[in-house]
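Letter by letter, the chains look like this.
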Amino acid sequence: MTVAATPAPSPANAGEQSGVRLARSRRNAELSLLLLAMVLVAAYSATVEANLLDTVTPDFWIPAASLGAVFLGLHLVIRFLAPFADPALLPAVALLNGIGVGFLRRIDLGDADAVDRESLANFAGVGGRQLAWTLVSVVLAAGLLAVMRDHRSVSRYAYTLGLAGIVLVMIPAVLPRAYSEVNGAKLWILIGGFSIQPGEFAKLALLVFFAYYLVRKREVLSLASRRFLGIDFPRGRDLGPVVVVWLISVLVLVFEKDLGTSLLYFGMFVVTLYIATERVSWLLIGLVLFFGGAYLAYVLGETVGGPFANFYLRAEIWLDPFADPTNKGYQLVQGLLALGTGGLFGAGPGGGQPGILPEVQNDSIFAGIGEEIGLFGLSALLVVYLLIVERGLRAALAVRDSFGKLLAGGLAFTLGLQVFVIVGGISKLIPLTGQTTPFLSAGGSSLMANWLLIAVLLRVSDGARRPVTGGGGKASRPAAGPPEQLHGAPTEVIKP
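Model, not experiment: these values are computed from the prediction.

Conventions adopted
- Residues numbered from 1 in each chain as written.
- Predicted model: local features only at pLDDT ≥ 70, side-chain atom pairs only at ≥ 80, totals over all residues.
- Heavy atoms only, no water.
- Helix = DSSP H or I, 4+ residues; strand = E, 2+ residues; numbered from the N terminus.
- Buried < 20%, exposed > 50% of the residue type's maximum accessible area, 1.4 Å probe, protein only.
- Contact = heavy atoms within 4.5 Å.
- Areas by Shrake-Rupley, 256 points an atom, 1.4 Å probe, with all protein chains shown as cover.
- 1 Å grid on protein atoms, 1.4 Å probe; cavity = no way out; pocket = protein on both sides within 12 Å on 5 of 7 lines; lining within 4 Å.
- Points joined across faces, edges and corners; volume = space filled by probe spheres on them.
- Nonpolar A, V, L, I, M, F, W, Y, C, P; charged D, E, K, R; others polar.
- Axes fitted to C-alpha atoms, helices over the stretch in contact; angles between N-to-C directions.
- Parallel < 35°, antiparallel > 145°, perpendicular 65-115°, else oblique.
- Phe/Tyr/Trp six-rings, centres within 6.5 Å; stacked < 30°, edge-to-face > 60°.
- Salt bridge = Lys/Arg side-chain N within 4 Å of Asp/Glu carboxyl O.
- Left-handed = near helix turned anticlockwise from the far one by under 90°.
- Expected span 1.5 Å × (residues − 1).
- Bend = angle between axes of the 7 residues up to and from the residue.
- Core = buried A, V, L, I, M, F, W, Y, C linked by side-chain atoms within 4.5 Å.
- pLDDT = per-residue confidence, 0-100.

## Some thoughts on the overall build of the protein
Looking only at helices and strands, the protein features 15 helices and 6 strands. A buried classification covers 54% of the 496 residues belonging to the protein. Long-range contacts, defined here as pairs at least 24 residues apart, represent 72% of the contacts in the protein between residues at least 6 apart. Counting every atom, the protein has about 21,400 Å² of accessible surface; 67% of that belongs to carbon and sulfur.

## Notes on empty space enclosed by the protein
With the rule as written, the count across this model stands at 3 cavities of 30 Å³ or more. Lining the largest cavity are 13 residues; nearest its centre among them are Gln197, Gly199, Glu200, Thr261 and Tyr265. Every element with two or more residues in the lining of the largest cavity is listed here: α5 (158-174), α6 (199-222) and α8 (259-277). Residues that form the lining of the largest cavity fall into these classes: 6 nonpolar, 4 polar and 3 charged. What the second largest cavity holds in volume is close to 70 Å³. Lining the second largest cavity are Ser45, Val48, Glu49, Phe60, Pro63, Gly102, Arg105, Arg106, Leu109 and Asn122. Broken down by secondary-structure element, the contributors of at least two residues to the lining of the second largest cavity are α1 (11-53) and α3 (89-111). Looking at the lining of the second largest cavity, the element that brings in the most residues is α3, giving 4 residues. When grouped by side-chain class, the residues that make up the lining of the second largest cavity number 4 nonpolar, 3 polar and 3 charged.

## Some remarks on the layout of surface pockets
If you add up the space inside the largest pocket, you get close to 980 Å³. In terms of lining residues, the largest pocket is bounded by 43 residues, among which Val182, Asn183, Trp188, Glu359 and Asn362 are the most central. For the lining of the largest pocket, the secondary structure elements donating two or more residues are α4 (125-147), β4 (194-196), α10 (309-319), α11 (330-342) and α14 (444-465). No other element matches the 5 residues that α10 contributes to the lining of the largest pocket. Looking at side-chain class alone, the lining of the largest pocket contains 19 nonpolar, 19 polar and 5 charged residues. The calculated volume of the second largest pocket comes to roughly 520 Å³. Along the walls of the second largest pocket sit 24 residues, with Leu259, Leu263, Phe290, Phe291 and Ala294 positioned nearest its centre. For the lining of the second largest pocket, the secondary-structure elements that each account for two or more residues are α8, α9 (280-303), α10 and α13 (402-426). Here the element with the most residues in the lining of the second largest pocket is α9; it accounts for 8 residues.

## Side note on the packing of α9 against α10
Packing of α9 against α10 leaves a shortest axis separation of 8 Å and a crossing angle of 100°. Regarding the angle of α9 to α10, the classification is roughly perpendicular. Counting all contacts with α9, which are made through Ala294, Ala297, Tyr298, Gly301 and Glu302, the residues of α10 involved are Ala309, Phe311, Tyr312, Ala315, Glu316 and Leu319. Here the contact of α9 with α10 is composed, by residue class, of 8 nonpolar, 1 polar and 2 charged.

## Overview of the packing of aromatic side chains
Overall, the coordinates contain 11 aromatic pairs when judged by the stated rule. Ring centres of phenylalanine 290 and phenylalanine 291 lie 5.7 Å apart, and the angle between their planes is 80°; on these two criteria the pair is classed as edge-to-face.

## Observations regarding the pattern of salt bridges
This model, assessed by the stated rule, comprises 11 salt bridges. The closest approach of N and O atoms between arginine 391 and aspartate 86, which form a salt bridge, is 3.3 Å. Of this pair, arginine 391 sits in helix α12 (residues 365-398) while aspartate 86 sits in the loop between α2 (62-81) and α3, placing them 305 residues apart in sequence. For glutamate 390, the salt bridge identified is with arginine 394, shortest N-O distance 2.9 Å.

## Some thoughts on the packing of α8 against α9
Put simply, α8 and α9 touch, their axes get as near as 8 Å, and they point 165° apart. Classified by the angle between their axes, α8 and α9 sit roughly antiparallel to one another. You can see that α8 and α9 cross each other, and the crossing is right-handed. Taking contact as the criterion, the partners of Leu259, Ser262, Leu263, Phe266, Val270, Val271, Leu273, Tyr274 and Thr277 in α8 are, on α9, Val280, Trp282, Leu283, Gly286, Leu289 and Phe290. Of the residues assigned to the contact of α8 with α9, the class counts are 12 nonpolar, 3 polar and no charged.

## Comments concerning the environment of glutamate 371
By the element assignment, glutamate 371 lies in helix α12. Note: C-alpha distance between glutamate 371 and leucine 337 (34 residues apart in sequence) is 8.7 Å. Apart from residues lying up to four places away in sequence, glutamate 371 is in contact with Ala338, Thr341, Gly342, Gly346, Ala347, Gly352, Gln353 and Pro354.

## Re the environment of phenylalanine 201
Residue position: phenylalanine 201 is located in helix α6. Residues phenylalanine 201 and alanine 164, 37 residues apart in the sequence, show an inter-C-alpha distance of 9.5 Å. If near-sequence neighbours (up to four positions away) are discounted, phenylalanine 201 is found in contact with Leu168, Ile196, Ser445, Met448, Ala449 and Leu452.

## Structural notes on α6
For the α-helix, the turn length of 3.6 residues means that residues three or four positions removed from each other point alike. Along its 24 residues, α6 runs just 30 Å from first to last C-alpha, ending more than 12% under the 34 Å computed at 1.5 Å per residue. Arginine 216 marks the point of greatest bend in α6, at about 60°.

## A short note on the nonpolar core
Membership of the largest hydrophobic core comes to 120 residues, with the highest contact counts inside it found for Phe71, Phe439, Trp451 and Ile454. Per-element tally for this core: the top contributor is α3, with 13 residues. With residues up to four places along the chain from it excluded, the contact list for phenylalanine 71 reads Leu34, Met38, Leu90, Ala94, Asn97, Thr134, Val138 and Trp451.

## Focus on the confidence of the model for the protein
Of the residues in the protein, 87% reach a pLDDT of 70 or more, and the chain-wide mean stands at 85. Mean pLDDT across the elements of the protein ranges from a minimum in helix α15 (residues 483-486), with 42, to a maximum in α2, with 96. In this model residues 476-496 is a low-confidence stretch, pLDDT under 50, and it forms 54 contacts with partners more than four residues away in sequence or in other chains.

## A few points about unusual backbone geometry
Of note in this structure, glutamate 278 is not a glycine but carries a positive phi near 60°. A residue is classified by how much of its surface remains accessible, and glutamate 278, at 40% relative accessible area, is partly exposed. The phi angle at phenylalanine 439 is positive, at roughly 70°, despite the residue not being glycine. Structurally, phenylalanine 439 can be placed in the loop between α13 and α14. Classification of phenylalanine 439 as buried rests on a relative accessible area of 1%.

In structure tokens:
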């Protein structure tokens, strides 16, 4: 009797089956890490109640479970729409977001009367609002993943997004102080009880434009005119884009009265330019221009005043916050004292006094958390941020198209720079700014914008990690060319 031989699977089918197994393995790892993150958030909430209430209420787990349900929904979206995306991004961001919600609820408990703390609803106060904003932000991130099936498609709208970004940046500067200023910085749009920080969304729009523009102009900006101290410097005629962005950042510094936002916009452009050209000279030029502009604004604030006076005042507070510790330097002094009180191990979640910190739910949240979890706990949070940035940069290195490299690299660096700006301000490394700590601070604008940033990184990492099939193409990849082909220009690839 003759037995028919089973045909061997074709290379294409074998590659597809291997890709399915790989995707399933990554999503299972993501789910496991996500569950671990929510367990840590629940443990944090229980410790807060134990220190504040001397007991742990039976429903301490409800905020963590609610967050877990929200993040599980996004996990399912990723499993179907971006199955090859980095499995560490969602759990890391979920942990930070969960700690932020837990700390804001801790502030609500601390502000309530002692007799009313046990009966305080889980969804009341700032913590409850942050939980609602988390739901909205995650839904937006899932919607972006559903709409943007290929990160290269967004390059079609680069110029429109660039214009929108500039408009969003400038709106608070031209509005009257009553409709835009909070704590001396004009970063908001305030209408009645509604407020939004348009600069948080502007950074995403501007980064798309920067990535597209630099892909098309990379060769021109890479040309060198002369060599000085072993470094090749660009031609003078090619400095135009950098000077324009520098002028915009100086205008932000002067009219919006915030060093952090100015540094964020200019820094993300210069670093994206460096990624595109691989020339250290652009970093040196950027540093000279920025610090030169900041020093000029400081001198003009001392001599002329006017729109430069606010920056001069902030710089003076930074140089000597204890010169007026009960008035102008109060916020910075209290932040430094909170960090010093926390020491290495902290007072324990719920054991500190964050209520005496000005704007503890926004600008000073890092100091408030630091008082309770100490230097070691803050270092752990910074490592989580570092992990997110590293994963974003890894996606930038792995993706095959130039636009994706610049977009993911710029987004990852921008997130890291924002953390540096706020942590540097709280620790007196740089002047205190009005920036929010990503995923920790209260507020919908920052949370929504940063979740959209993570959605873009997930999409780019999905494209970068999608395995190549036996036929040479990518498994189940949407049909779309790189941005150069979308616009009729020749394809170019930037080396990692």
